[in-house]
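Structural overview
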Amino acid sequence: MSTGLGFRLSRGVRTTISPPIPRAYEWAAQYKPTPNRPLLDMSQGVPGIPPPQFLRDAIAEASRYPNSFGYTRWDGEPTLRAALADEMKLSYGRDADITVDDVALTAGCNLAFVAVAMTLADAGDEVILPVPWMDLNLLGIKTVGLHTAPEDGFLPSVEKCEALITPRTKAIALVTPNNPTGAIYPPSLLSAFANLAASKGIALILDETYRDFVPSTDRPPHTLFSNTSLPWRNTLIQVYSFSKSYCLPGHRLGAVIASPHLLASLKTVLDCLQICPPRPVQIALGSLLPSDELREFVKGNAEGVQARHRVFREQLPGDWEVGAQGGYFAFVKHPFGGVRSEEVCQALAREVGVVTLPASFFTRETDENDGLAELGLGEEEKSGEGTSDASELDERWIRFSVANVDDEKVKRVCERLASFVPRGVE
Ligand SMILES: Cc1ncc(COP(=O)(O)O)c(C=O)c1O
């Protein structure tokens, strides 16, 4: 296909699936909303509410300080790094061994993940990720799919993972609570993955962007930070986002929590990608993170999302089946046998104005339009292991984000699902 460009694009970009949200919005653009039937968007994992007024005021104030216009340290403001290390002890337990020296701040968690991958792996190396996944094809790193199944609650298997490890494997990357499935990995499973990674001399990257949305129990999400028999700094690299807990995705703030030895190398990558993370938001959060007021907001926000998960589960028509739920997402099986989830999502957006993402957006290695064959790439040059187990996911599973709609809209989505049949399906 001619692009009209007088130059060639990278193979990485041509063979990477295009971003899912804009694709879903193209379907939604074909829906004709009315005042009674507005578009209902459950596609994007964004907070449905703004940050509290006192945080907005603090960011506004901080952005007026003359020093907030300059660069800061490559790893961010020390006050916020120390505050995050302390705050993590509230989540992971007072005995969690985390200090300011283990924390580097980044311009968002996506960048944190890419920077960690660039620090660990070269082009041609491998990183194992549970399917459905986000991939690393752009970096030339082979994403090896660790397939998860509905009957296992979409939890990855340690044994299957072990079988995928090769001399080129640099890391296992897990996301809990998971995007897109919502599955929450139990502490024992995370310990087993940490043991596996340690025994094989590879890293365990843990994306815990949604950690504050796990229903509160007496137990921490895991005990890896306090396990003295398996020193976490040897194996674990955690990435985190401030976007969801504090409702400020546009301010781009994330973090890497890892051994200072890893951070010393990450510095080279971060200096290249970001120089430093955005400054006013760090200054504002640095003084507010320890406050009860902000903790109350995070807790209330998480409880609101959990309550919405319950509304969604209760109101969902009986022939739609929830496979897993947690963090921002519910992973749901649609009732139309023989119709692929992508077609169902397309019809939902165009015909009844409900925007969601099909599982296939998280399982296919390449965009259908990218034309691998046109590029003359062989099988071995595709980004990742097979999609063999992916077909069932592609056919039936859909991701609903419960975060960016209110309870009323969730009910209206469920009403529309109840009377929805894609055209051509009886
Ligand atoms: C698991 C996970 N990690 C990271 C991100 C991105 O976070 P950030 O906004 O900090 O880049 C998302 C966003 O949806 C996510 O779902």
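Residues numbered from 1 in each chain as written. Predicted model: local features only at pLDDT ≥ 70, side-chain atom pairs only at ≥ 80, totals over all residues.

Quick look at the overall build of the chain
- Across its full length, the chain carries 13 helices and 13 strands.
- In summary, the chain has a C-alpha radius of gyration of 22 Å against a globular reference of 22 Å for 426 residues, a match within 12%.
- Within the span of the chain, comprising 426 residues, buried residues form 44% of the whole.
- In the chain, the share of contacts with a sequence separation of at least 24, taken over all contacts with a separation of at least 6, comes to 76%. (Helix = DSSP H or I, 4+ residues; strand = E, 2+ residues; numbered from the N terminus. Rg over C-alpha atoms; globule rule 2.2 N^0.38 Å. Buried ≥ 20, exposed ≤ 12 C-beta atoms within 10 Å, placed from the backbone. Contact = placed C-beta atoms within 7 Å.)

Looking at the pairing of strand β7 (residues 236-241)
- Burial within β7 is extensive, with six of its six residues counted as buried.
- Burial along β7 is two-sided: the face carrying Leu 236, Gln 238 and Tyr 240 and the face carrying Ile 237, Val 239 and Ser 241 are both buried.
- Across four bridges, the pairing between strand β6 (residues 203-207) and β7 is parallel. By the bridge assignment for β7, Asp 207 is matched with Val 239.
- Bridge count between β7 and strand β8 (residues 254-257): four bridges; the pairing is antiparallel. Residue Tyr 240 lies in a different strand from β8, and its bridge partner there is Ala 255. (Pairing = 2+ DSSP bridges.)

A look at the sheet that holds β8
- Spatial ordering of the open sheet is given by β2-β8-β7-β6-β5-β3-β4, a layout of seven strands whose pairing is mixed. Bordering the open sheet on either side are β2 (103-106) and β4 (142-147), each of which pairs with just one other strand. The average angle at which neighbouring strand axes cross in this sheet is 25°, direction not considered.
- Bridge analysis of strand β5 (residues 169-175) against β6 gives five bridges, and the strand direction is parallel. Among the inter-strand pairings, Ala 171 is bridged to a residue of β6, identified as Ala 203.
- Those strands touched by helix α8 (residues 260-273) are β2, β7 and β8, and its axis lies near 15° from that of β2. (Axes fitted to C-alpha atoms, helices over the stretch in contact; angles between N-to-C directions.)

Details of the nonpolar core
- Counting residues in hydrophobic clusters, the biggest one holds 112 residues, and the most contacted among them are Val 116, Val 127, Ala 171, Ile 172, Leu 204 and Val 256.
- When residues of this core are assigned to their parent elements, the largest contribution, eight residues, is made by helix α5 (residues 109-120).
- When we break this core down by domain, the ones giving at least three residues each are domain 1 (11-49 + 296-364 + 393-419) and domain 2 (53-291).
- In this structure, Ala 171 is in contact with Leu 120, Ala 121, Val 127, Ile 202, Ala 203, Leu 204 and Ile 205, ignoring residues within four places of it in sequence. (Core = buried A, V, L, I, M, F, W, Y, C linked by C-beta atoms within 7 Å. Domains from an automatic or database assignment.)

A word on the sheet that holds strand β9 (residues 321-326)
- Strand order in this open sheet of four strands is β9-β10-β13-β12, and the pairing throughout is antiparallel. Whereas interior strands pair on both sides, the edge strands pair on one side only; in this sheet they are β9 and β12 (357-358).
- The pairing of strand β10 (residues 329-333) with strand β13 (residues 397-401) spans five bridges and is classified as antiparallel. Bridging from a neighbouring strand, Val 332 pairs with Ile 398 of β13.
- In the packing of helix α10 (residues 292-315) onto the sheet, contacts are made with β9, β10 and β13, and the angle to β9 comes to roughly 175°.

Overview of the site of the ligand
- Lining the immediate environment of the ligand, one finds Gly 45, Gly 108, Cys 109, Asn 110, Val 175, Asn 179, Asp 207, Thr 209, Ser 241, Ser 243, Pro 249 and Gly 254.
- In terms of residue class, the shell around the ligand is made up of three nonpolar, eight polar and one charged. (Near = placed C-beta within 6 Å. Nonpolar A, V, L, I, M, F, W, Y, C, P; charged D, E, K, R; others polar.)

Things to note about the domain arrangement of the chain
- Domain boundaries assigned for the chain yield domain 1 (11-49 + 296-364 + 393-419) and domain 2 (53-291).
- Distance from the C-alpha centre of domain 1 to the C-alpha centre of domain 2: 25 Å.
- Listed as interface residues are 28 residues of domain 1 and, on the opposing side, 26 residues of domain 2.
- Of all the elements in the fold, those that place two or more residues in the side of domain 1 that touches domain 2 are α1 (11-14), α10, β9 and β10.

What to know about the pairing of β10
- Taken across its five residues, β10 has four buried, putting it largely inside the fold.
- Hairpin connection from β9 to β10: two residues lie between these consecutive antiparallel strands, with Gly 327 at a positive phi of about 60°.

Notes on helix α13 (residues 407-418)
- If you check α13, its first and last C-alpha atoms are 17 Å apart, about what twelve residues at 1.5 Å a residue would give, namely 16 Å.
- Contacts from the buried residues of α13 go to β1 (40-41), α10 and β11 (354-355). (Expected span 1.5 Å × (residues − 1).)

Quick notes on unusual backbone geometry
- Residue Thr 176 is joined to Pro 177 through a cis peptide bond whose omega torsion reads -15°.
- By the element assignment, Pro 177 lies in the loop between β5 and α7 (187-200).
- The step from Asn 179 to Pro 180 runs through a cis peptide bond, and the omega angle for that step is 15°.
- Turning to its location among the elements, Pro 180 is positioned in the loop between β5 and α7.
- Its identity as a non-glycine residue notwithstanding, Cys 247 has a phi of 60°, on the positive side.
- Looking at the secondary structure, you find Cys 247 in the loop between β7 and β8.
- Located in the positive-phi region is Ile 275, a residue other than glycine, with phi close to 60°.
- Summarising the element assignment, Ile 275 is placed in the loop between α8 and α9 (279-288).

Notes on the environment of Leu 230
- Looking at the secondary structure, you find Leu 230 in the loop between β6 and β7.
- Expressed as a C-alpha distance, the spacing of Leu 230 and Ala 194, which sit 36 residues apart in the sequence, is 8.4 Å.
- Excluding its chain neighbours within four sequence positions, the residues that come into contact with Leu 230 are Ala 194, Asn 195 and Ala 198.

Regarding the packing of α5 against α8
- Running from N to C, α5 and α8 point in directions that differ by 120°, and their axes come no closer than 9 Å. Remark: the crossing between α5 and α8 carries right-handed chirality. Listed contacts from α8 to Leu 111, Ala 115, Val 116, Met 118 and Thr 119 of α5 are Leu 262, Ser 265, Leu 266, Val 269, Leu 270 and Leu 273.
- Of the residues contributing to the contact of α5 with α8, the split by class is nine nonpolar, two polar and no charged. (Left-handed = near helix turned anticlockwise from the far one by under 90°.)

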